[in-house]
Amino acid sequence: MRGLSQVSEVWQQAFGWIERQLGGKIVRAERQPRWRPAWFLDLERAGERVPLYFRGDRGEAGSGAYSLEHEMRVLQLLEANEIPVPHVYGFCDSPRGILMERSRGRANLATAGSDEERQSVLSDYMAILARIHQIDLPALDALALPVPETPTEVGLADFSVWERAYRKRKVRPEPEIEFLIRWVHRNVPTDRARACLVCSDSGQFLFDEGRVTALLDLELATLGDPLADLAGMLSRDLSEPMGDLSGAFRIYEKLSLEPLDWDCLGFHVVRFCAITPLAVAHLVAAPPAALDWVQYLAWYCVWLRAPLEWIGSGLGVEQRFVEEPEPTPGWHAPAHDHLASILAPRDGDDAFAGYERDAAYRVAEYLRRAERLGPALESVDLDEAAPLLGSRPASRAEADVALEALVAHAEPELDAELVRYFQRRVQRLEVILGPSMRELQGASIQLLKPNATGE
């Protein structure tokens, strides 16, 4: 824990606002070790300690789609509808952030003590999702979200918002992303017209003793097809494993009183997973100084590959996993090794300082592996691009330009070949990332099928 006297002036300003807002004194402040500014706080008031959480603005690393005020309004609306969420105490304008209750429980269902606890929590969460999906649309007016009226609008939900933000901030050719965008627009379900409030980035909650205690991270909540939240759970499972989700989906199916539309679910898996690379591509290509770059690159890779895997499964594309080539250290290898050793984690740092050091270490480790493995992997990549493009590109940059041009005019009949190639292309980047991907290394989307729910 960092002493209050060591907190920077900008956060002292926030803490002063909190003390005035609630009428007490902050006696503990711990910066959450993650990529967005957030604090765990204890405020002493009238002889009691009030546990608080300050959720700060991402700033230039933000999504560009929704404001922090939007998330606050979602939290307030859900609390008014008796959905378990942290209570909001207020909004700080400078520095921007939501001041909310610090709810009890722990995150990440992978930490459940037993399979019985996991299943109990999932059952409770599916019931909560079903209740959210039943909130009447007029009650959502305070969110000021456009109400989708046609099946296409319901299916796409806010995809156009993310696509516009991506195109505005695009730095370089992104053939895999362009392929996914075209696939989404070509495959929108045309027979589903009911819109409701969806969490979108679903599957995030705190839990305790087999029950959900509070929903978390509702910044992407929007209006769309309720099946989008099941797709969101499959996406969340990539970073926070939930176990086999077929049983949870069977529970939701019974609660919704509607048979699960598997084609629609698959569409939303692709649509929602694609939003992550849409949101972070410009940051990966031109990172601001404070960005946890390897973490963002790992998100970019995994959430590119996952929708490609889902599409490929439907097309019968056999997965062929890329193997790590024999490392070939170059003349600069000692410098990369030395940098990694300097930045390696060490004892003595507080939690946030340790996080910052680790973020730098992961970049150094990525560079070590890129120097040893990159040339061989890129050579194979260019070899495999040649049949698609008609000739072998001279470089990755040249391949990107040519592949994006190909995708722009490709007919659906070419989907299988493009998916097969793009999957392996992303895998090669993941090979370079290697252990620095941490919990995302080897992550793969659950390819659930209709018989998973007993149909």
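In this report, we go over the structure that sits alongside the text.

So, how was this worked out
- Residues numbered from 1 in each chain as written.
- Predicted model: local features only at pLDDT ≥ 70, side-chain atom pairs only at ≥ 80, totals over all residues.
- Heavy atoms only, no water.
- Helix = DSSP H or I, 4+ residues; strand = E, 2+ residues; numbered from the N terminus.
- Contact = heavy atoms within 4.5 Å.
- Pairing = 2+ DSSP bridges.
- Salt bridge = Lys/Arg side-chain N within 4 Å of Asp/Glu carboxyl O.
- Buried < 20%, exposed > 50% of the residue type's maximum accessible area, 1.4 Å probe, protein only.
- Axes fitted to C-alpha atoms, helices over the stretch in contact; angles between N-to-C directions.
- Parallel < 35°, antiparallel > 145°, perpendicular 65-115°, else oblique.
- Left-handed = near helix turned anticlockwise from the far one by under 90°.
- Nonpolar A, V, L, I, M, F, W, Y, C, P; charged D, E, K, R; others polar.
- Expected span 1.5 Å × (residues − 1).
- Bend = angle between axes of the 7 residues up to and from the residue.
- Polar contact = N/O pair within 3.5 Å; in protein donor to acceptor, adjacent residues only side chain to side chain.
- Phe/Tyr/Trp six-rings, centres within 6.5 Å; stacked < 30°, edge-to-face > 60°.

**Description of the environment of glutamate 384**
Here is step 1: Tracing the backbone shows glutamate 384 in helix α12 (residues 351-389).
Here is step 2: For the pair glutamate 384 and tyrosine 421, spaced 37 residues apart in sequence, the C-alpha to C-alpha distance is 7.2 Å.
Here is step 3: Beyond its immediate sequence surroundings of up to four residues, glutamate 384 is in contact with Tyr421, Arg424 and Arg428.

**Section: the sheet that holds strand β9 (residues 211-215)**
Here is step 1: Within the open sheet, the three strands sit side by side as β6-β8-β9. Their pairing is antiparallel. If you trace the sheet from one side to the other, it starts and ends with β6 (106-107) and β9, each paired once.
Here is step 2: Bridge analysis of strand β8 (residues 205-208) against β9 gives four bridges, and the strand direction is antiparallel. By the bridge assignment for β9, phenylalanine 207 is matched with valine 212.

**Structural notes on the pattern of salt bridges**
Here the idea is simple: oppositely charged side chains can pair when their charged atoms come close.
Here is step 1: Taken as a whole and assessed by the stated rule, the structure comprises 42 salt bridges.
Here is step 2: With a shortest N-O distance of 3.0 Å, aspartate 42 and arginine 28 are connected by a salt bridge. Of this pair, aspartate 42 sits in strand β2 (residues 38-45) while arginine 28 is found in strand β1 (residues 25-31), placing the two residues 14 residues apart along the sequence.
Here is step 3: You can call aspartate 42 buried: its relative accessible area is 9%.
Here is step 4: A salt bridge links arginine 211 to aspartate 124; the shortest N-O distance between them is 3.0 Å. Within this pair, whereas arginine 211 is found in strand β9, its partner aspartate 124 is found in helix α3 (residues 115-133), the two being separated by 87 residues in sequence.
Here is step 5: Taking relative accessible area as the criterion, aspartate 124 reaches 13% and is therefore assigned buried.

**Thoughts on the packing of α12 against helix α13 (residues 396-409)**
Here is step 1: Relative orientation of the contacting elements α12 and α13 amounts to 30°, with a least axis distance of 11 Å. The angle between α12 and α13 falls in the class roughly parallel. With respect to the hand of their crossing, α12 and α13 are arranged in left-handed fashion. When α12 is examined against α13, the residues Glu378, Leu382, Leu388 and Leu389 are found in contact with a partner set consisting of Arg396, Ala399, Ala402, Leu403 and Leu406.
Here is step 2: The residue inventory of the contact of α12 with α13, partitioned by class, reads seven nonpolar, no polar and two charged.

**A look at the pairing of β2**
Here is step 1: Pairing of β1 with β2, which is carried by six bridges, proceeds in the antiparallel orientation. Within the sheet, the bridge partner assigned to glutamate 30 lies in β2 and is phenylalanine 40.
Here is step 2: The hairpin turn running from β1 into β2, its antiparallel successor, is six residues long.
Here is step 3: Two elements, β2 and strand β3 (residues 48-56), share eight bridges in a ladder whose sense is antiparallel. The residue of β3 that forms the bridge with leucine 43 is valine 50.
Here is step 4: Where β2 folds back onto β3 in an antiparallel hairpin, the turn is made up of two residues, including alanine 46, whose phi is positive at roughly 55°.

**A word on α12**
Here is step 1: The terminal C-alpha atoms of α12 lie 48 Å apart, and with 39 residues this falls more than 12% below the ideal 57 Å at 1.5 Å per residue.
Here is step 2: Helix geometry: α12 is bent most strongly at leucine 373, by close to 55°, with proline proline 375 lying one to four residues after it.
Here is step 3: The N-cap of α12, judged by a side-chain oxygen 3.2 Å from the amide nitrogen of phenylalanine 352 a few residues on, is aspartate 350.
Here is step 4: After α12 finishes, the residue glycine 390 shows a positive phi value of roughly 90°.

**Regarding the side chain of aspartate 381**
Here is step 1: With respect to the helices, strands and loops of the structure, aspartate 381 is situated in helix α12.
Here is step 2: If we skip the residues at most four places from it in the chain, aspartate 381 touches Tyr421, Arg425 and Arg428.

**Things to note about the packing of aromatic side chains**
The way to describe two aromatic rings as a pair is by their centre distance and the angle between their planes.
Here is step 1: Tallying each qualifying case throughout the model produces 14 aromatic pairs.
Here is step 2: Their ring planes at 40° and their centres at 5.8 Å tell us that phenylalanine 352 and tyrosine 355 sit as a pair that is tilted. Pair noted here: phenylalanine 352 and tyrosine 355 are both in helix α12, with a separation of three residues, about one helical turn.
Here is step 3: The structure contains a cluster of three or more aromatic residues connected by ring pairs, namely Trp11, Phe15, Trp39 and Phe54.

**Here's the deal with the pairing of strand β4 (residues 88-93)**
Here is step 1: Pairing analysis gives five bridges linking β4 to strand β5 (residues 96-101), with the strands arranged antiparallel. Bridge assignment links cysteine 92 to a residue of β5, and that residue is glycine 97.

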